[in-house]
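Tertiary structure, described
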Amino acid sequence: MTYIAAIGAAQREAMVADKRVIVIGEDVEANVYGTTGGSKSRAEKGDFVQEFGRNRVRNTPISEEAIVGASIGAAMTGLRPIVDLSYSSFLYMAMDQLVNQAAKNRYMFGGQGSIPIVFRSAMFYGLNTGAHHSDRPYPMFMNVPGLKVLVPASAADAKGLLRQAVDSDDPVLIFESVPLWGSKEEVDESEYRIPFGVARVRREGTDVTIVGISGSVPQAVKAAEALAEQGISAEVIDPRTLVPLDTRTILESVRKTGRLVIAEPAHRTCGAAAEISAIVAEQAFDALRAPIRRVTAPDMQIPFSPALEAGFYPTADKIVAVTRTICGNNAPTDL
Amino acid sequence: MSLSNDVMLEMQRRMLRIRLFDERASKMLKRGQIPGTIHTSIGQEAQVVGACMALDKHDNMTGNHRSHGHPIGKGSALGPLMAELVGKGTGVCKGKGGSLHLADFAVGSLGESGITGSSIPIAVGAALSAQVLGDGRVGLCFFGDGAANQGVLYESMNLASAYKLPVIFLCENNHYALSTPAHTVTGGRIWERAAGFGMPGVCVEDGQDVLAVYEAVKAAVDRARAGEGPTLVEVMTYRFREHAEGLRLNVDYRNADERERWTSRDPIALFRAVLIDRGVADAAAMDAMEADIAREVDDCVKFSDASPYPDAKVAFEHLYTDAYETEALQ
Ligand SMILES: Cc1ncc(C[n+]2csc(CCOP(=O)(O)OP(=O)(O)O)c2C)c(N)n1
């Protein structure tokens, strides 16, 4: 199953399971992005509007602030909305609602009520969509207490994490990596949930820990395969959820390997890589045998031309190159 | 519209609660017993109570920064509200909201907002859930003439109208946004903007008349409950006090004539005369009611005084429904 189909499957499961779940967002009725119609098999399988009706599949005007705000109000009063915000750049339109309402209400009101709501948004980076449609803004939201932040990197994780997110009584932001939408993985067709705060170890290793985030996970896995051929054994960890973050798995791995490389498609400053670096430096400094290294996008807006954008994000080659610089004795001598 | 005597007396009671509560809070703030700032609804009681009384207890309401009147108008008990202003653990928000963020879910008060305009779509969402669940409730949001110029109102009105949501947009036009006269920053009339969204807009020109406000909002509530969608109600009123108490504003941007014109139309005194005039109660009964409410306010202060401050660990509660991170956060 593809990553995008897995999201559609999780949404359908959640809507079948609970009448309080609604899907709300722009163009969800026509299923433009392919998550409200069971991917391409829409016609045979029946789309969401046919299956659940317009009461629960809410096609909206272009009004991000009102969509997010109304969904918060709905969540506070009995619904469990899945809000499809399409491009993650559009989250900024609703910043007030996300930060001042979704994240703060439960706390400010002393625990009266809860806000069971899922915000989905897609990071369309690497697709030559220019600066207005290529954001990877998840680190900004890690900085907002009260929001849970998910970055699934595979189809199976996307399905299980989305199901879990709908069950959560708190506001959850899911950032989908569009470059991974078409990626396939074996996905359990029955219902399952993946708990938050549990990393997925994609590959075990002993010389270096590579933490990959979102679209950088497959690159990290590829890098580890290449490194293995060069005699370096890399452990690859995908945290899957950034808030909460499975610090234990990361710290244990670093204590074992003594080295850490983090790869992510977001900007370098204050990114998830920066946060993970700080945690490891604070809590496992004694285990480090080499400096921590980050492979990120530069602190630049995303240029349009393929010739300019292509070099911006972590690739397997970049991860390999950076990793080799800190693997000293384990690296082949011809470095 | 013929309202029962009980309902009319309850209106006066709630207006008095707001007035006396706010007056007391103002005194306590000056004595340093309430931290921060407070925004009183003194002078605007008719508009708050007329609107809230047009709702049922189970209907939902969101307010703004002018913040004590709304939950009181909706029927909240005073003790936990006062305790909240002081920052006590028995506060309605456990001491974590304060004056700007009162919420009392028990009476359908989904929360005030310190960010102007920000609570408008929350009420729209409450109406959305009422529509999806078919439970017959309506939503109402209060906002000022200042907030009326924020884009979120228009996104919300459009969405509500397109979906025919049972929601009432209630603009409390007290003629000023902090120091800015409404007419200097507002193009046209606010209520007329409703027409552009295909919904009725009405203006209560005399917002000091609680019955006039009630009537307008009740019509909007009936319409909402009948599935006919949202209404924008603008109510013309005036705040008798400063924008915020506790803020040192050293300019006077309102002239004495204007203030005198409005303060001579005190909604509580006006309605007292109406009640006596209509034979609903005599002067003695009205005096007794005022004394009762004064005692209620005394009691709420006693309750607050006798309450402990929250334990420091409370600061780390209620971020999430599951406490997974609480320890890590400390
Ligand atoms: C988004 C935002 N901008 C500015 C402020 C500062 N501020 C607080 S109250 C206020 C005036 C609001 O006027 P209005 O909406 O008419 O309400 P009123 O105070 O008159 O009841 C301002 C500018 C704020 N709280 N939020």
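See above for the structure.
This text gives an overview of the structure that appears in the document. Once a new chain begins, its residue numbering starts again from 1 and follows that chain's sequence as written. To label them, take the chains in the order written and letter them from A, then take the ligands in the order written and number them from 1. Side-chain atom pairs in this predicted model are given and counted only at pLDDT of 80 or more, local residue features only at pLDDT of at least 70, and totals for whole chains, interfaces and linings cover all residues. Side-chain figures throughout are based on the complete set of non-hydrogen atoms in the structure, without hydrogens or water.

**Regarding the site of the ligand**
Residues and elements named next belong to chain B. Throughout this document, a residue counts as near a molecule or strand when at least one of its heavy atoms sits within 4 Å of that molecule or strand. In the region of the ligand, 15 residues are neighbours, and H65, R66, G114, G146 and Y176 sit closest. Here D145 contributes a backbone N or O atom positioned 3.1 Å from an oxygen atom of the ligand. Distance and chemistry together define a polar contact, namely a pair of N or O atoms within 3.5 Å, with one atom able to donate a hydrogen and the other to accept it when in protein, and with adjacent residues in sequence counting only for side-chain atoms on both sides. At 2.8 Å from an oxygen atom of the ligand is found a main-chain nitrogen or oxygen belonging to Y176. For the accessible areas, the method is Shrake-Rupley and the probe is 1.4 Å, while residue cover comes only from the protein chains on display. For the ligand, whose accessible area on its own is 580 Å², the fraction buried by protein is 73%. Taken together, the residues that form the shell around the ligand break down as 5 nonpolar, 8 polar and 2 charged. All residues other than Ala, Val, Leu, Ile, Met, Phe, Trp, Tyr, Cys, Pro, Asp, Glu, Lys and Arg, Gly among them, are scored as polar; the first ten of these are nonpolar and the last four charged.

**Considerations on the pairing of strand 3 (residues 80-87) of chain A**
A regular strand carries its side chains on alternate faces of the sheet. Residues and elements named next belong to chain A. Accessible area is worked out with a 1.4 Å probe on protein chains only. A residue is then buried under 20% of its type maximum, exposed over 50%, and partly exposed in between. Comment: elements are numbered from the N terminus, with helices defined as DSSP H or I runs of at least four residues and strands as E runs of at least two. For strand 3, the buried fraction is high: 8 of the 8 residues fall into the buried class. When DSSP finds two or more bridges between two strands, those strands count as paired. Here strand 1 (residues 21-25) runs beside strand 3; their pairing, made up of 5 bridges, is parallel. The partner of V21 across the bridge, within strand 3, is R80.

**Here's the deal with the sheet that holds strand 11 (residues 260-267) of chain A**
Residues and elements named next belong to chain A. With mixed pairing, the 5 strands of this open sheet are ordered in space as 7-9-8-11-12. The strands lining the two open edges of the sheet, one partner per strand, are strand 7 (200-203) and strand 12 (293-297). Adjacent strand axes in the sheet meet at a mean angle of 25° when their direction is disregarded. Pairing between strand 11 and strand 12: 4 bridges, direction parallel. Note on strand 12: the bridge partner recorded for H267 is A297. Angles here are taken between N-to-C directions and fall from 0 to 180 degrees, while the axes themselves are lines fitted to C-alpha atoms, restricted in helices to the stretch in contact.

**Examining the pattern of salt bridges**
One side-chain nitrogen of Lys or Arg within 4 Å of one carboxyl oxygen of Asp or Glu is enough to make a salt bridge. All told, the structure shown has 40 salt bridges over all chains when counted by the stated rule. A salt bridge links A:D18 to A:R20; its shortest N-O distance comes to 2.8 Å. We classify A:D18 as buried; its relative accessible area is 18%. The partner of B:D266 in a salt bridge is B:R19, and the shortest N-O contact between them spans 2.8 Å. Remark: B:R19 occurs in helix 1 (residues 5-30) and B:D266 occurs in the loop between helix 9 (256-263) and helix 10 (267-277); sequence separation between them is 247 residues.

**Considering the packing of helix 10 of chain B against helix 11 (residues 283-306) of chain B**
Between two packed helices, the angle of one axis relative to the other and the distance separating the axes together describe the packing. All names here are of chain B. It is the contact of helix 10 with helix 11, at a shortest axis distance of 9 Å, that shows an interaxial angle of 140°. As summarised for this structure, helix 10 and helix 11 are arranged oblique, according to the angle between their axes. The handedness of the crossing between helix 10 and helix 11 comes out as right-handed. Along its contact with helix 10, which presents R272, L275 and I276, the element helix 11 presents A283, M286, D287 and E290. Angles below 35 degrees are treated as roughly parallel, those above 145 as roughly antiparallel, those between 65 and 115 as roughly perpendicular, and all remaining angles as oblique. Crossing handedness: left-handed means the near helix sits turned counterclockwise from the far one by under a right angle, and right-handed means the same turn made clockwise. By definition in these notes, contact holds between two residues if any of their heavy atoms fall within 4.5 Å.

**Focus: the interface of chain A and chain B**
With 44 residues of chain A at the interface, the matching set in chain B holds 44 residues. Carbon and sulfur atoms supply 60% of the area that chain A and chain B bury against each other, a total of about 3,600 Å² over both sides. For the chain A face of the interface with chain B, the top three residues by lost area are A:T77, A:Y107 and A:Q112, together amounting to 19%. Counting across the interface, chain A meets chain B through 1 salt bridge. The residue B:D322 makes a salt bridge to A:K148 at a minimum N-O spacing of 3.2 Å. Those elements that provide at least two residues to the side of chain A that touches chain B are strand 1, strand 2 (57-59), helix 4 (64-76), helix 5 (95-102) and helix 6 (105-108) of chain A. Per element, the largest residue contribution to the side of chain A that touches chain B is 9 residues, and it comes from helix 4 of chain A. Using a 1.4 Å probe, buried area is obtained as the accessible area two parts lose upon being combined, added over both of them.

**Structural notes on helix 8 (residues 210-225) of chain B**
All names here are of chain B. Compared with an ideal rise of 1.5 Å per residue, which puts 16 residues at 22 Å, helix 8 spans 22 Å between its outermost C-alpha atoms and is within 8% of the ideal. All of the buried residues along helix 8 are V210, L211, V213, Y214, A216, V217, A220, V221 and A224. Structurally, the start of helix 8 carries an N-cap: the backbone nitrogen of L211 is 2.9 Å from a side-chain oxygen of D209. One or two steps after helix 8, the chain reaches G227, where phi turns positive at roughly 85°. Multiplying 1.5 Å by the helix residue count minus one yields the expected span of that helix.

**Description of helix 10 of chain B**
All names here are of chain B. Those residues of helix 10 that fall on the buried side of the exposure criterion are P267, I268, F271, R272 and L275. When helix 10 is viewed along its axis, its buried side chains cluster within an angular range of 135° and face the same direction. Where helix 10 is buried, its residues meet helix 1, helix 2 (45-53), helix 8 and helix 11. Its side-chain oxygen placed 2.8 Å from the backbone nitrogen of I268, D266 serves as the N-cap of helix 10. Trailing helix 10 by a residue or two, G279 shows a phi angle of about 75°, which is positive. Directions pointing from the helix axis toward each C-beta atom define the arc.

**Observations regarding the environment of B:A244**
Residue and element names in this part refer to chain B. Of note, A244 is situated in the loop between strand 7 (231-236) and helix 9. Note on A244: relative accessible area 2%, which makes it buried. Here A244 is in contact with I38 and H39, once residues within four sequence places are set aside.

**Some thoughts on the pairing of strand 2 (residues 139-144) of chain B**
Residue and element names in this part refer to chain B. With 6 of 6 residues buried, strand 2 lies mostly within the body of the structure. A two-sided burial pattern is seen for strand 2, the buried positions comprising G139, C141 and F143 on one face and L140, F142 and G144 on the other. As defined by bridge partners, strand 1 (residues 60-62) adjoins strand 2 across 3 bridges and the pair is classed as parallel. Across the sheet, T62 pairs through a bridge with C141, a residue of strand 2. Of the pairings in the sheet, the one linking strand 2 to strand 3 (residues 167-173) comprises 6 bridges and is parallel in character. Of the residues in strand 3, the one forming a bridge with F142 is L170. Where the polypeptide runs from strand 2 across helix 6 (residues 151-163) and back to strand 3, its parallel neighbour, the crossover connection is right-handed. Crossovers are described as right-handed under a simple rule: with the strands pointing away from the observer, the path leading from the first strand over the helix to the second runs clockwise.

**Topic: the packing of helix 2 of chain B against helix 8 of chain B**
Residue and element names in this part refer to chain B. With their axes 8 Å apart at the nearest point, helix 2 and helix 8 run at an angle of 40° to one another. Crossing of helix 2 over helix 8 shows right-handed handedness. Contacts from A46, Q47, V49, G50, A51 and M53 in helix 2 reach V210, V213, Y214 and V217 in helix 8. Of the residues belonging to the contact of helix 2 with helix 8, the class tally is 8 nonpolar, 2 polar and no charged.

**Topic: the nonpolar core**
If you look at the biggest cluster of nonpolar residues, it comprises 146 residues, and the most contacted ones within it are A:F119, A:Y138, B:F143 and B:F169. Ranked by residues supplied to this core, first place goes to helix 1 of chain B with 10 residues. Leaving out residues up to four positions away in the same chain, B:F143 has contacts with B:N64, B:I120, B:A148, B:L153, B:F169, B:L170, B:C171, B:E172 and B:L232. Put simply, a nonpolar core is a bunch of buried Ala, Val, Leu, Ile, Met, Phe, Trp, Tyr and Cys residues held in one set by side-chain atoms that sit within 4.5 Å of each other. Counting 58 residues, the second largest nonpolar core, distinct from the first, contains A:Y87, A:I194, A:I210 and A:V261.

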